[in-house]
Amino acid sequence: MRGRNHPGWWAFLVHRISGIALALFLPLHFWALGQALEAAAKLEAFLRWTDQPLFHIGMWGLVVLLAAHLAGGLRVLALEFLPWRDWHKTLAAVAAAFALAAGLAFALAL
Amino acid sequence: MSPRSQTLLWVAQRASAVVLALCVVVHLATIIYAMRGGISAAEILGRTRGNPGWLAFYSLFVLACAVHAPIGLRTVLREWAAWRGRGCDAAMWLFAALLAWAGMRAVLAVTGALT
Amino acid sequence: MSRREKGAAPPSDPPQLLVRVWRGHADGEFQPFEVPRHATQTVLDVVMHIQRSLDATLAYRYACRVGMCGSCAMTVNGVPRWTCRTHVDKVAGDGRLEIAPLSNLPVIRDLVADMREFFDKWARSRGRFDGGNTRHDEFARVAPASTERQQVESGIECIGCGVCYSACDSVAWNPDYLGPAALLRAWTLVNDVRDTAGLERLRAVSGDAGCASCHTHLSCTERCPKQLSPTAGIAGLKRAVALAALKGTL
Ligand code: SF4
Ligand code: SF4
Ligand code: FES
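Residues numbered from 1 in each chain as written. Chains lettered and ligands numbered in written order. Predicted model: local features only at pLDDT ≥ 70, side-chain atom pairs only at ≥ 80, totals over all residues. Heavy atoms only, no water.

Colleague: Sorry if this is basic, but what is going on with the sheet that holds strand β1 (residues 16–23) of chain C here?
Modeller: In a beta sheet, neighbouring strands are held together by backbone hydrogen bonds and run either parallel or antiparallel to one another. Residues and elements named next belong to chain C. Taken together, five strands build an open sheet; the order of strands is β2-β1-β5-β3-β4 and the sheet is mixed. Looking at the sheet topology across the chains shown, the edges are occupied by β2 (29–36) and β4 (79–82). Strand-to-strand twist across the sheet, computed as the mean angle between neighbouring axes with direction ignored, equals 35°. As paired elements, β1 and strand β5 (residues 96–100) share four bridges and run parallel to each other. Its bridge partner being in β5, Arg20 is matched across the sheet by Glu98. Set on the sheet, helix α1 (residues 43–54) makes contact with β1, β2, β3 (73–76) and β5; between it and β2 the angle comes to about 95°. (Pairing = 2+ DSSP bridges. Helix = DSSP H or I, 4+ residues; strand = E, 2+ residues; numbered from the N terminus. Axes fitted to C-alpha atoms, helices over the stretch in contact; angles between N-to-C directions. Contact = heavy atoms within 4.5 Å.)

Colleague: I would appreciate a short explanation of the site of ligand 2 in the present structure.
Modeller: Residues and elements named next belong to chain C. Around ligand 2, the surrounding shell holds 13 residues, and the nearest of these are Cys168, Cys214, His217, Leu218 and Cys220. Elements with a minimum of two residues in the shell around ligand 2: α9 (219–223) and α10 (230–247). A class-by-class count of the residues in the shell around ligand 2 yields seven nonpolar, six polar and no charged. (Near = heavy atom within 4 Å. Nonpolar A, V, L, I, M, F, W, Y, C, P; charged D, E, K, R; others polar.)

Colleague: Even after reading the chapter, I still don't get the site of ligand 1, so can you show me in this structure?
Modeller: Neighbouring ligand 1 are 13 residues, the closest being Cys158, Cys161, Gly162, Cys164 and Cys224 of chain C. Residue composition of the shell around ligand 1, by class: ten nonpolar, two polar and one charged.

Colleague: Can you walk me through the interface of chain A and chain C in this structure?
Modeller: For interface size, the figure often reported is the accessible area lost on association. Between chain A and chain C, the residue contacts involve 18 residues of the former and 21 residues of the latter. Contact between chain A and chain C buries roughly 1600 Å² in total, counting both sides, with carbon and sulfur atoms accounting for 54%. The largest share of the area that chain A buries against chain C comes from Arg2, Glu80 and Trp84 of chain A, three residues that together contribute 34% of it. For the pair chain A and chain C, the number of links is three salt bridges. In this structure, the salt-bridge partner of Arg4 of chain A is Asp169 of chain C, at a minimum N-O distance of 2.7 Å. The interface formed by chain A and chain C holds ten residue pairs in polar contact (both at pLDDT 80 or more) in total. For the side of chain A that touches chain C, the secondary structure elements donating two or more residues are α1 (7–38), α3 (53–81) and α4 (88–109) of chain A. Counting residues per element, the side of chain A that touches chain C draws most heavily on α3 of chain A, which supplies five residues. Residues that form the side of chain A that touches chain C fall into these classes: seven nonpolar, five polar and six charged. (Buried area = accessible area lost by both parts, 1.4 Å probe. Salt bridge = Lys/Arg side-chain N within 4 Å of Asp/Glu carboxyl O. Polar contact = N/O pair within 3.5 Å; in protein donor to acceptor, adjacent residues only side chain to side chain.)

Colleague: Just to check I follow, could you spell out the pattern of salt bridges for this structure?
Modeller: Oppositely charged side chains may form a pair once their charged atoms are brought near each other. In this structure the tally under the stated criterion is 26 salt bridges over all chains. Between Asp51 of chain A and Arg48 of chain A there is a salt bridge whose closest N-O contact spans 3.6 Å. Residue Arg48 of chain A is classed as partly exposed on the basis of its relative accessible area, which comes to 39%. One connected set of salt bridges, linked through shared partners, spans Arg74, Arg78 and Asp89 of chain B together with Asp208 of chain C. (Buried < 20%, exposed > 50% of the residue type's maximum accessible area, 1.4 Å probe, protein only.)

Colleague: What exactly am I supposed to notice about the packing of aromatic side chains here?
Modeller: By convention here, two paired aromatic rings are described through the distance between centres and the angle between planes. Throughout the structure, instances matching the rule amount to 18 aromatic pairs over all chains. Relative to Phe30 of chain C, the ring of Trp22 of chain C has its centre 5.0 Å away and its plane inclined at 80°; by these criteria the two rings are edge-to-face. By relative accessible area, Trp22 of chain C is classed as buried at 15%. Judged by its relative accessible area of 23%, Phe30 of chain C is partly exposed. A centroid spacing of 4.8 Å and a plane angle of 70° characterise the contact between Phe118 of chain C and Phe119 of chain C, whose relative ring orientation is edge-to-face. On the accessibility criterion, Phe119 of chain C (40% relative accessible area) is partly exposed. Taking NZ or CZ as reference, Arg85 of chain A lies 4.3 Å from the ring centre of Trp87 of chain A, over its face. (Phe/Tyr/Trp six-rings, centres within 6.5 Å; stacked < 30°, edge-to-face > 60°. Lys NZ or Arg CZ within 6 Å of the ring centre and 35° of its normal.)

Colleague: Please explain the packing of helix α3 (residues 116–124) of chain C against helix α7 (residues 180–190) of chain C as it appears in this structure.
Modeller: All names here are of chain C. Relative orientation of the contacting elements α3 and α7 amounts to 25°, with a least axis distance of 8 Å. Relative to α7, the element α3 lies roughly parallel. In this structure, the crossing between α3 and α7 has a hand that is right-handed. Only Ala181, Ala182 and Arg185 of α7 make contact with α3, whose side of the interface consists of Phe118, Lys121 and Trp122. Considered class by class, the residues forming the contact of α3 with α7 number four nonpolar, no polar and two charged. (Parallel < 35°, antiparallel > 145°, perpendicular 65-115°, else oblique. Left-handed = near helix turned anticlockwise from the far one by under 90°.)

What follows is the structure in structure tokens.
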């Protein structure tokens, strides 16, 4: 474990965990929105049901994961496609900052 | 799967990532904007129903997800679950189909393209 | 014994390092030793002291002692390092050392890892130069400032120590993965204008066993004692391989 304690490895781990979580969440997300196909009222009922603290925390988590996966993905693309330079620690830090900022913005909007 | 196909999966993963990067920025902004004061079905549908712009946007978004997520999951299953055979590849094609189908169903539902 | 001035503090014994050293095979265990601490002592000095003065049966490997041969790499306090140029001061601030063989490779005995797979993968990624010229041809001219030559400026300094391979999780999770050093080697040859095996090499390093399995953890780049960046070379391979696959030549 000690050998892994550096920004690039943590960035990788966050990217992988958030990716798995988002991939598993997608079918659920699509199913919920698909409710509107039958009636707007069904979607509304679902939204009311999720309008409670536990779900708010879950939604906040998903927004942070989505932002983290986005920023982490841009980090990977930058490393793979842009000319190599010694900036990978900065990239990881910027990605983390972006995820936290998105989380904050969402929490304030809640 | 041949190394060439594996390479094309890698290309598809990166190409869809670029599309998704743009989509997710819009999506995050929309979520945060829409969340203020709570969300309701009427509010969501009011924004999306009968709007060809959103129809095109969400269709692209869903299809990029259907490409991106299964390729990533395939790598995770190979590395963390040691599931490497054809079975894994077949399961990922199925997962891609499921995402595309369920996703497009959701898009049609919220944009009202079917009603 | 030198005479001591009255009232002066007694000379303390040289401080001791507490060293735990891996013994045996994969199912072995750590054996504790106490080793006198010296100024500018390297981890290899510590291992040599143990083998020469405390336990002659300790197996380990080294040759040059100056960071050129790449044979002395071990896992030091959980991190793969070249031991001949790793100072104890740098890694054992608290006076404790845990020394094990490189991970991701089978253990032969004690601190000696079996490097066979590591070098076999160099061969599998076509790490051998294939030239088209004979001795009747003119010398090839490689302009030092050319893009190709600049791309491999650092990569050609690899000493084959296996530190990156041992640090790479993709190797641990995907046993077929060729690993950072072999891929970096391939990248130096892909950029070698004299080489004639370009396409076969791209084939050899493509796909799940090749560059597609590098997830840019940067552990290799972080740990390489020569401060090379295999991740950068692998990124180059990813682009070259992707281009060939899209063109249909791969
Ligand atoms: S790239 Fe660096 S760490 Fe890897 S074998 Fe070469 S010198 Fe050692
Ligand atoms: S960057 Fe690539 S080669 Fe280096 S440690 Fe990570 S997966 Fe291995
Ligand atoms: S002994 Fe040669 S590199 Fe350490």
